[in-house]
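Structure at a glance
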Amino acid sequence: MKLPNGHQVEVSISRRRDPSPLIRYGIPVFTIVSSLLFGAVAISAVGVNPVVAYVTMFTSVLSWYGASEVVVRMIPLLLAGLAVYVPLRAGLWNIGAGAGIYAGGITATAVGLYVSLPGPLLNIAMLVSAGLVGGALMIIPGYLRARWDINEILVTLLLTFTMVQFNGYAILLMGSSEGVQSSETLSALAEFPRFFGTRIHLGAVVAVLALIAVYLLMNRTRFGFEILNFGSNPEAARQSGISKYKIVIGTLFIGGLLSGLAGAGEIAGIQSRLVPNFSPGFGFTAIAIALIGRNGAFQVLFASLFFAVVYIGAANVELVYSVPFAIVEIIEAVVILFFIAGEGIRRFELDVRSIPQSEDSSEVVNA
């Protein structure tokens, strides 16, 4: 590349072999702070003091009700974040957590409405079936990637759009006779039990168990070791005998299973019926959560906590200061955008070198 002063430079991008601790841990902190600063600009634009708004946002979740709502919001975010995290450790991008959520919600609704079992067994059947259907759905992009190397980002993204539309069709099939756009209401036996007089439901227990299971999988099992090896160097992993089909299809199946559980929790724990758009961007928020917590399962927990606090706190700011809820979506979108950029900085480095000009080339230029 030639600069205006006549000098030439060579610009190259290469993968970082060993990111420094500042890069590994500083990028997430810098991204969160930067996104909140950017959000402050959006808040100021509607005539609200951003400092006061952020104080309200983060203090409103300290009450018993606020903290319980944060936990409720964390349930699908944690499960969806783990659904993206597991394939990510294998070098795969699961953009289809939303597809698994809708698949799980539809399946849980069908089982809850049409299967007759005692309460606890019915809840278990809803969870198991939702997880299996979500996992089976993700076998499609897994097989296409492993067999024909078709990009999983495109396939999982298309599956998300497909399942959003199929959710509307499922509502028609299980439609309510009350004339509202939703399925029939689940029976009391099918609804997940709630705890402590709050909206915290059985999905919280499922999320905690899923977190522990993912941690043990990645750190205490041979399959987890193979996932990490495949993610760091796929070619070397294949040469050492690790099956590409096993890793690619297996991790995406686990991701679909986890997101299916998230969908079941939203329907049976919160909505009590299948409704349109019951997943307000959980699948895409999960991408940022997985990027923040890519160093470990418990980092995914803290990332989901951060997004839950932002969502619930911003909803309180909307009520107190009449701030448009679009501000919440702006802050979430900026966080995701900044983290994607931060991930690029973490994984790659930019090398700019000046190209010395020889005397012969100088003479040609002068001539």
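Before going further, it helps to examine the overall build of the protein. For the protein, the helix and strand inventory stands at 14 helices and two strands. Here the protein holds 367 residues, and 49% of them are scored as buried. In the protein, 77% of the contacts between residues at least 6 apart in sequence involve partners at least 24 apart. Total accessible area on the protein is roughly 17800 Å²; 66% of this is exposed by carbon and sulfur atoms.

This part covers the packing of aromatic side chains. Tallied over the full model, the rule gives seven aromatic pairs. Geometrically, the ring pair formed by Tyr54 and Phe58 is tilted, given 6.3 Å between the ring centres and 35° between the ring planes. One end of the pair is Tyr54 and the other is Phe58, both in helix α2 (residues 50-59) and four residues apart, which spans about a single turn. Arg73 extends its terminal NZ or CZ atom over the ring of Tyr311, reaching a point 3.8 Å from the ring centre.

It is worth spelling out unusual backbone geometry at this point. Positive phi, normally seen in glycine, also occurs at Asp149, with a value near 60°. Along the chain, Asp149 falls in the loop between α5 (119-148) and α6 (152-173).

Bringing the side chain of Glu152 into the picture now. Note on placement: Glu152 falls in helix α6. Of note is the side chain of Glu152, whose polar atom sits 2.9 Å from the backbone nitrogen of Trp93. Filtering out sequence-adjacent residues up to four positions away, Glu152 remains in contact with Gly91, Leu92, Trp93 and Arg145.

Further remarks concern the nonpolar core. Leu79, Leu82, Tyr85, Met126, Val214, Leu274 and Phe307 are the most contacted members of the largest nonpolar core, which totals 106 residues. Per element, the largest residue contribution to this core is 14 residues, and it comes from helix α3 (residues 64-89). Taken domain by domain, the makeup of this core includes at least three residues from each of domain 1 (1-46 + 324-358) and domain 2 (74-321). Every residue in contact with Val214, bar those within four places of it in the chain, is listed here: Leu82, Tyr85, Val86, Leu258 and Ala297.

Quick look at the pattern of salt bridges now. Counted under the stated rule, the structure contains six salt bridges. Of the charged contacts, one joins Arg145 and Asp149 as a salt bridge, the two residues approaching to 2.9 Å between their closest N and O atoms. Judged by relative accessible area, Arg145 falls into the partly exposed class, the value being 22%. Ionic pairing is found between Glu226 and Lys246, a salt bridge with its closest N-O pair at 3.0 Å. Of this pair, Glu226 sits in helix α8 (residues 222-232) while Lys246 sits in helix α10 (residues 244-271); the two residues are 20 residues apart in sequence, bridging distant segments of the chain. By relative accessible area, which is 7% here, Glu226 ends up buried. With relative accessibility at 41%, the residue Lys246 sits in the partly exposed group. Salt bridges sharing partners connect three or more residues here, namely Arg145, Asp149 and Glu152.

Let's shift gears to the domain arrangement of the protein. When cut into domains, the protein gives domain 1 (1-46 + 324-358) and domain 2 (74-321). Each of domain 1 and domain 2 has a C-alpha centre, and these two points are 29 Å apart. At the interface, 14 residues of domain 1 touch 15 residues of domain 2. Across the interface of domain 1 and domain 2, roughly 1400 Å² is buried in total on both sides, 74% from carbon and sulfur atoms. For the pair domain 1 and domain 2, the interface holds zero salt bridges.

Criteria and thresholds
Residues numbered from 1 in each chain as written. Predicted model: local features only at pLDDT ≥ 70, side-chain atom pairs only at ≥ 80, totals over all residues. Heavy atoms only, no water. Helix = DSSP H or I, 4+ residues; strand = E, 2+ residues; numbered from the N terminus. Buried < 20%, exposed > 50% of the residue type's maximum accessible area, 1.4 Å probe, protein only. Contact = heavy atoms within 4.5 Å. Areas by Shrake-Rupley, 256 points an atom, 1.4 Å probe, with all protein chains shown as cover. Phe/Tyr/Trp six-rings, centres within 6.5 Å; stacked < 30°, edge-to-face > 60°. Lys NZ or Arg CZ within 6 Å of the ring centre and 35° of its normal. Polar contact = N/O pair within 3.5 Å; in protein donor to acceptor, adjacent residues only side chain to side chain. Core = buried A, V, L, I, M, F, W, Y, C linked by side-chain atoms within 4.5 Å. Domains from an automatic or database assignment. Salt bridge = Lys/Arg side-chain N within 4 Å of Asp/Glu carboxyl O. Buried area = accessible area lost by both parts, 1.4 Å probe.

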